[in-house]
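Geometric and topological summary
Chain residues, written in single-letter form:
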Amino acid sequence: MSLDDGEIGLNDIIRIMISTDNHLGYGEKDPIRGEDSFIAFEEMLELAVKEDVDFILLGGDLFHDAVPSQNALFKCMNLLRMYTFGDKPIAVEVIDGNQQFHGAINESVNYEDPNLNVAIPVYSIHGNHDDPSSFGGLSSLDLLSTAGLINYFGRWTDLTKVEISPILLKKGATRLALYGLSHIHDARLSRLFESRKVNIHAPSDHDGEWFHLMVIHQNRADRGPKNYLPEIALPEFLNLIIWGHEHDCHIEPQFNAQRNFYVSQPGSSVCTSLSEGEALQKHVGILEIYKDKFQMKPIPLKTVRPFVFESVNVANLADELHLDEGDVSNKVRDMAEKRATAMIEKAKEMVTDHVKQPKLPNIRLRIVYSDEEQMFNHIRLGQIFNDRVANPADMIHFKKMIKKAKAEKTESSPEKMKVQFKRKESENVTKVEDLVELYYNNLDESKSLKVLSSKALAEVCHQMVERNDNNAAENLIKSYQKKALDYLMDNMVAEENVNVELLKFKQEITSDDIFNLLGSSTHKVRQPLKQNTTNLENSRASNSDNENSDDGCLPLKNVRATGGKKKETPTAVNKRGGTSGRARGSVDNSRTRSTRLMPQLEISTKSVSSSRQNPLESLIRKDSKRQAKSKIIELSDDSD
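All values reported here derive from a predicted model rather than from experimental measurement.

This brings us to the overall build of the protein. The helix and strand tally for the protein stands at 13 helices and 22 strands. Taking all 640 residues of the protein together, 52% fall into the buried category. Taking contacts inside the protein between residues at least 6 apart in sequence as the whole, the part at least 24 apart equals 78%. Of the roughly 30000 Å² that the protein leaves accessible, carbon and sulfur atoms contribute 49%.

What follows deals with the environment of Phe385. Here Phe385 is to be found in the loop between helix 7 (378-384) and strand 18 (396-400). Here the alpha-carbon distance between Phe385 and Ala340, two residues 45 residues apart in the chain, equals 8.8 Å. Residues within four places of Phe385 in sequence aside, it is in contact with Glu337, Ala340, Thr341, Ile344, Pro392 and Met395.

It is worth spelling out the packing of helix 1 (residues 36-50) against helix 2 (residues 70-84) at this point. Helices that pack against each other are described as a pair by the angle of their axes relative to one another and the distance between those axes. Contact geometry of helix 1 with helix 2 gives a least axis separation of 10 Å together with a crossing angle of 15°. Considering the angle they form, helix 1 stands roughly parallel to helix 2. Two packed elements cross with a definite hand, and for helix 1 against helix 2 that hand is right-handed. The residues of helix 2 that touch helix 1, namely those facing Phe38, Phe41, Glu42, Leu45, Glu46 and Val49, are Asn71, Ala72, Lys75, Leu79, Leu80, Tyr83 and Thr84. Of the residues assigned to the contact of helix 1 with helix 2, the class counts are eight nonpolar, two polar and three charged.

Another point: the sheet that holds strand 18. Pairing is parallel across the open sheet formed by three strands, whose spatial order is 16-17-18. If you trace the sheet from one side to the other, it starts and ends with strand 16 (307-313) and strand 18, each paired once. Strand-to-strand twist in this sheet, taken as the mean axis angle between neighbours without regard to direction, amounts to 20°. Looking at chain direction, strand 16 and strand 17 (residues 362-369) are connected through seven bridges and run parallel. Pairing of Phe307 across the sheet is with Asn362, part of strand 17.

Okay, the pattern of salt bridges next. Evaluation of the coordinates by the stated rule reveals 20 salt bridges. The partner of Lys75 in a salt bridge is Glu35, with the nearest N and O atoms 2.4 Å apart. Within this pair, whereas Lys75 is found in helix 2, its partner Glu35 is found in the loop between strand 1 (14-19) and helix 1, the two being separated by 40 residues in sequence. Residue class for Glu35 comes out partly exposed when judged on its relative accessible area of 37%. Salt-bridge contacts for Lys400 lead to Glu372; the nearest nitrogen and oxygen are separated by 3.1 Å. Linking Lys400 in strand 18 with Glu372 in the loop between strand 17 and helix 7, this pair joins segments that are 28 residues apart in sequence.

What follows concerns helix 1. Note: α-helices contain 3.6 residues per turn, so residues at a spacing of three or four share the same orientation. The first and last C-alpha atoms of helix 1 sit 21 Å apart over 15 residues, in line with the 21 Å expected at 1.5 Å per residue. Of all 15 residues in helix 1, 12 are buried; the element is thus mostly enclosed. Taken together, the buried positions of helix 1 are Asp36, Ser37, Phe38, Ile39, Ala40, Phe41, Glu42, Glu43, Met44, Leu45, Leu47 and Ala48. Its buried side turned inward, helix 1 meets strand 1, strand 2 (55-58), helix 2, strand 14 (283-290) and strand 15 (293-300). Among the residues trailing helix 1, Asp52 stands out with phi positive, at a value near 55°.

Let's shift gears to unusual backbone geometry. The residue His245 is not glycine, and still its phi comes out positive at about 90°. Owing to a relative accessible area of 19%, His245 belongs among the buried residues under this scheme. Phi is positive for Asn260, close to 70°, though the residue is something other than glycine. With respect to the helices, strands and loops of the structure, Asn260 is situated in the loop between strand 12 (250-256) and strand 13 (261-265).

Turning next to the confidence of the model for the protein. Per-residue confidence for the protein gives a mean pLDDT of 76; residues scoring 70 or more make up 70%. Overall, residues 1-5 carries pLDDT values under 50, and its contacts beyond four positions in sequence, including any with other chains, amount to 20 contacts.

The subject of this paragraph is the nonpolar core. Within soluble globular proteins, side chains that are nonpolar generally end up buried alongside one another. Ile16, Ile56, Leu57, Tyr123 and Leu213 are the most contacted members of the largest nonpolar core, which totals 65 residues. Beyond its immediate sequence surroundings of up to four residues, Ile16 is in contact with Val53, Phe55, Leu57, Leu176, Leu213, Gly285, Ile286, Leu287 and Ile289. Ranked by size, the runner-up nonpolar core spans 26 residues in total, among them Ile164, Ile216, Ala233 and Phe237.

With that settled, the discussion passes to the sheet that holds strand 3 (residues 93-96). One open sheet accounts for seven strands, arranged 3-7-8-10-11-13-12; its pairing is mixed. Since the sheet does not close on itself, it has two edges, and those belong to strand 3 and strand 12, each with one partner. Adjacent strand axes in the sheet meet at a mean angle of 25°, parallel and antiparallel pairs treated alike. Looking at chain direction, strand 12 and strand 13 are connected through four bridges and run antiparallel. Residue pairing for strand 13: His250 is matched across the bridge by Gln265.

Burial within strand 12 is extensive, with six of its seven residues counted as buried. Once strand 12 ends, the chain turns through four residues before running back antiparallel as strand 13, passing Asn260 with a positive phi of about 70°.

Attention now moves to the packing of helix 11 (residues 472-491) against helix 12 (residues 498-508). Orientation of helix 11 relative to helix 12, taken along the N-to-C sense of each, is 120°, at an axis distance of 10 Å. When the axes of helix 11 and helix 12 are compared, the pair comes out oblique. Here the hand of the crossing between helix 11 and helix 12 comes out right-handed. Contact residues: helix 11 offers Tyr480, Lys483, Ala484, Tyr487 and Leu488, while helix 12 offers Val498, Glu501, Leu502, Lys504, Phe505, Lys506 and Glu508.

How each quantity is defined
- Residues numbered from 1 in each chain as written.
- Predicted model: local features only at pLDDT ≥ 70, side-chain atom pairs only at ≥ 80, totals over all residues.
- Heavy atoms only, no water.
- Helix = DSSP H or I, 4+ residues; strand = E, 2+ residues; numbered from the N terminus.
- Buried < 20%, exposed > 50% of the residue type's maximum accessible area, 1.4 Å probe, protein only.
- Contact = heavy atoms within 4.5 Å.
- Areas by Shrake-Rupley, 256 points an atom, 1.4 Å probe, with all protein chains shown as cover.
- Axes fitted to C-alpha atoms, helices over the stretch in contact; angles between N-to-C directions.
- Parallel < 35°, antiparallel > 145°, perpendicular 65-115°, else oblique.
- Left-handed = near helix turned anticlockwise from the far one by under 90°.
- Nonpolar A, V, L, I, M, F, W, Y, C, P; charged D, E, K, R; others polar.
- Pairing = 2+ DSSP bridges.
- Salt bridge = Lys/Arg side-chain N within 4 Å of Asp/Glu carboxyl O.
- Expected span 1.5 Å × (residues − 1).
- pLDDT = per-residue confidence, 0-100.
- Core = buried A, V, L, I, M, F, W, Y, C linked by side-chain atoms within 4.5 Å.

Pasting the structure below:
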């Protein structure tokens, strides 16, 4: 299919507000920074109303805590009611998706509830911070869904496998298949990949051309074996992936040539850590979809607190500061004070004209040192800037530079390489739960846990530290006790053999058993769409990041099947007309958009049992012959 000088009507374009990692309630007790997350969230909602989007799509971590405070819940519900309810007609029709919305009273989208007056629907998956790990296996999103404020989808409901079926939406000539994968612990997801128990169900092609949009919340960066989701694990038929969890903002879609789709990483809307990645400009995006092409319009947030990050290596300033003589500590301190002052001046350039933007900046100066005499009392220095920065207590961060001895080159056999890899893997312990598990695994038998496994205790630590779930320990111990008693009763264990059987019971506990004991839901998924099966090989893929642009739209591109060559040709994108209303009236058809000239890209397709779409950013493809069949994509993970 190609477009020349024809017009694209507004009633055929689906417009979506994209935002991820809002972290409502982060630092809410901080007298200075406590409102930052809510201010940025409200700006996103204001932009959604101003841009007249069809719906809002959130990529997880709406809340910062698994059990948010009443204050965070109240403010979130208040803002959603204020900006997403009203008399505006809904133009996007749900073709199929009733089984997707968890916690919904009417088991459908909230705007089909006759008792609600929804103007802008909100679709959301859960992240690792707001997942259903609290008492009863409920998420904070379940509460919002039951109240009719959001449409909660993409929740995994079976611990033995992951079945992902799309929500099928339609607006005019555009058909959208929306897939959601809420957060799953990376190690557990990796095991599911290895077992080929991750299935993605695509709609049948006989209903027409579909745009395949997926939103996920997992590690994207390689953080070690089985600790991230490689992009190559996802199916080729996807057009665009909205990637949550990573806070660095790279919202402009980046093309993955290996899988032939695009990935957009919107990042967080609030700074939750004083890291270099958080210092990037925060954005939300307006995603426009017309048939099988799209474009992303990045919108910088104006209410984000200014944040300046710098790193300085003291070793590089040794000559300039004359560190070989005098009081080294005071010299480094004076240097840090001058740097911090300059950073505050730089932060003033980030102040916008928005009245709600906090003016006191976040400042982080990382000082890389090699000797303790180069350190100073950073808290006392921060007090000097108490009324000039928002974070005086942690404005300075010391990082010790570790000199590694250069190893001699030796011949390595495959066996030696495996041993070295295992050693590095065991040394890569950076999380609390990893330290706990490592500690108990190395204890003598006389001091080791008798009933509770180290895996269970490590998972409890993860839930309590990373997600602030104070009920995790109580839930697990009660469930663990019951399961152990049931095991002893079922095996009719004699009193003198109880300790031996309990040890056997502890060794047989798997990670999936632990997730079950923590109260995760075990409901079965409904019957998926018809399908045929295609296996996807999974290996590591490195995808270079394109430089981020604050403004402007990405060009639309048109893709047509050719004889194995890629070629760009110009394509005209035409004016948009009005939208047609749904359920509560019609939409004004008077709005139009100016004509754009867009490049057109052609690629060849592989011969498969059922023709698939070739996902490319902002593209139009030439119609190809399609079989009237659906697909199941089985994902496998061979990354290590």
